[in-house]
Amino acid sequence: MSRTVEDTAHASAPVLAAYRYCEAITGQQARNFAYGIRLLPTDKRQAMSALYAFSRRIDDIGDGTLESTAKQRRLEDTRALLARIKDGRIDDDDTDPVAVALSDAARRFPLPLEGLDELIDGVLMDVRGETYETWDELKVYCRCVAGAIGRLSLGVFGTVPGAQDAERAPEYADTLGLALQLTNILRDVREDAGNGRTYLPAEDLAKFGCADGFDRPVPPPGSDFAGLVHFEVTRARALFAEGFRLLPMLDRRSGACVAAMAGIYHRLLTRIAADPEAVLRGRVSLPGREKAFVAVRGLSGLDARAIGRRQSVRRRG
C-alpha cells in the first residue's frame, strides 16, 4: 500500500538525509532534469531524485574507465542491490543512501522497478559495444535506457481520476522517453564517436553517405549529413507528438514537470534541425532564459490543454 503525502513529513531522519543526498546528486549532475522536477511537490520531487540517483549510478558504471568485464560485474552487483530494494530488504539505516531513498520511494509510489533492470540491460549493450542496423533494433536500446525511465516516472506522477485513455499512459510515457533519447543521440553524435560509439541505425547512415562516422567537426566527405539529421528529426518529432498525449492525463504539477523536461528537448531538436552541423562542432544547448520560458508554458498548462483539444477534435472526427 502506498503511503500518503502526509507520511513523507514523518519519515525517519536517515530517510530524509538519503533524499537530500539524492537531490544534491540530481542538482549537480542533471540540470535539465533538476529544472523540471523542481515544479513537483516535495514527495514526488524526492522520489524522482531517488530514481535519478540510482539511474545515474548505472550510467556512470557504463561510462566509466573500468574494463568491460569489471563493468559487467559492477552492473550485476547493482542488479543484486535492486533485487534487495524490490524485496523490501533495505533498512532505513543502510549505509547506501541511494538505496535507502529508492526503497522508501518504492513504498510510497507504485514504481515498476523492473524498469531499472531494463536500464541495466541497456547499459550492458553499451558495455558490449552493440551497434544497431535498423530503427527497430535501436528502439529496443532506447526503450531500455529511456522508455523505462518514462514508465518509472509515471509511477511517481500517476494519472488524474477519469483521464481519457489512461490505460495507454505507460505507452505514451515510453514513447516520450524514446523521443528524448533520440534527441540525445543526435545531440551527442560527435561525443559518442569520440568514445567509439555509434547509435544511429547503420541503414540510415548508409542511406545518407555517413557510414564513415563523425570523428571530425565537419560532415563526412560526400555525405548528406543535413539530410540524415532531418530524417532523424522527423522521426523524433513523430515520437514527441505521440508521447505528448500523456500530458492531459497528468495532474497540473506533474504535467508541468513533464512539459518542462520534454519541452526543453523538443526545442533542442528544433535548434538541431535549424543547424544540423552544429552537433559536430560542440554540444547544442538552450540558454537559461529559454528553459525558463518552457517551464512557464508547462506550469501554465498551455501545452496540456492544446494537446487535449487536439485529441478531442480527433475523437469527434
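The following paragraphs examine the structure supplied in this document. (Residues numbered from 1 in each chain as written. Predicted model: local features only at pLDDT ≥ 70, side-chain atom pairs only at ≥ 80, totals over all residues. Heavy atoms only, no water.)

## Section: the overall build of the protein
The helix and strand inventory of the protein stands at 16 helices and 0 strands. Taken over 317 residues, the protein has a buried fraction of 50%. The long-range fraction of contacts in the protein, counting pairs at least 24 apart against all pairs at least 6 apart in sequence, stands at 73%. Accessible area for the protein stands at about 14,700 Å²; split by element, carbon and sulfur atoms hold 51% of it. (Helix = DSSP H or I, 4+ residues; strand = E, 2+ residues; numbered from the N terminus. Buried < 20%, exposed > 50% of the residue type's maximum accessible area, 1.4 Å probe, protein only. Contact = heavy atoms within 4.5 Å. Areas by Shrake-Rupley, 256 points an atom, 1.4 Å probe, with all protein chains shown as cover.)

## Quick notes on the packing of aromatic side chains
The final tally for this structure, using the stated rule, is 5 aromatic pairs. Seen from their ring centres, Tyr141 and Tyr199 are 5.2 Å apart, and the 25° between their planes marks the pair as stacked. In this pair, Tyr141 is assigned in helix 8 (residues 135–157) and Tyr199 in the loop between helix 10 (189–194) and helix 11 (202–207), connecting sequence segments 58 residues apart. Accessibility assignment for this pair places Tyr141 and Tyr199 in one class, buried. Taken together, a centroid distance of 5.5 Å and an interplanar angle of 65° make the contact between Phe214 and Phe225 edge-to-face. Remark: Phe225 occurs in helix 12 (residues 225–243) and Phe214 occurs in the loop between helix 11 and helix 12; sequence separation between them is 11 residues. Overall, Phe214 belongs to the buried group, its relative accessible area being 6%. One aromatic cluster is present, built from ring pairs that chain together Tyr132, Tyr141 and Tyr199. (Phe/Tyr/Trp six-rings, centres within 6.5 Å; stacked < 30°, edge-to-face > 60°.)

## Description of the packing of helix 4 (residues 42–63) against helix 7 (residues 114–127)
At a minimum axis distance of 9 Å, the contact between helix 4 and helix 7 shows a crossing angle of 20°. Judged by the angle between their axes, helix 4 and helix 7 are roughly parallel. Crossing angle aside, the handedness with which helix 4 passes helix 7 is right-handed. Across from Leu51, Phe54, Ser55, Ile58, Asp59 and Gly62 in helix 4, the residues of helix 7 making contact are Leu116, Leu119, Ile120, Val123 and Val127. Here the contact of helix 4 with helix 7 is composed, by residue class, of 8 nonpolar, 2 polar and 1 charged. (Axes fitted to C-alpha atoms, helices over the stretch in contact; angles between N-to-C directions. Parallel < 35°, antiparallel > 145°, perpendicular 65-115°, else oblique. Left-handed = near helix turned anticlockwise from the far one by under 90°. Nonpolar A, V, L, I, M, F, W, Y, C, P; charged D, E, K, R; others polar.)

## Focus: the environment of Met48
By the element assignment, Met48 lies in helix 4. Along the chain, Met48 and Ile37 lie 11 residues apart, while their C-alpha atoms are 7.3 Å from each other. Those residues in contact with Met48, other than ones at most four positions away along the chain, are Phe33, Ile37, Leu40, Ser153, Val156 and Phe157.

## Some points on the environment of Asp121
Turning to its location among the elements, Asp121 is positioned in helix 7. Contact partners of Asp121, with chain neighbours within four places excluded, come to Arg79 and Cys144.

## Let's talk about helix 2 (residues 13–29)
Helix length check: helix 2, at 17 residues, gives a terminal C-alpha distance of 24 Å against a target of 24 Å (1.5 Å per residue), a fit within 8%. Of the positions making up helix 2, those classed as buried are Val15, Ala18, Tyr19, Cys22, Ile25 and Thr26. Around the axis of helix 2, the buried residues are gathered within 120° of arc, so they sit on the same side. Residues of helix 2 that are exposed and angled more than 90 degrees away from the buried face: Ala13, Arg20 and Gln28. (Expected span 1.5 Å × (residues − 1). Arc of directions from axis to C-beta.)

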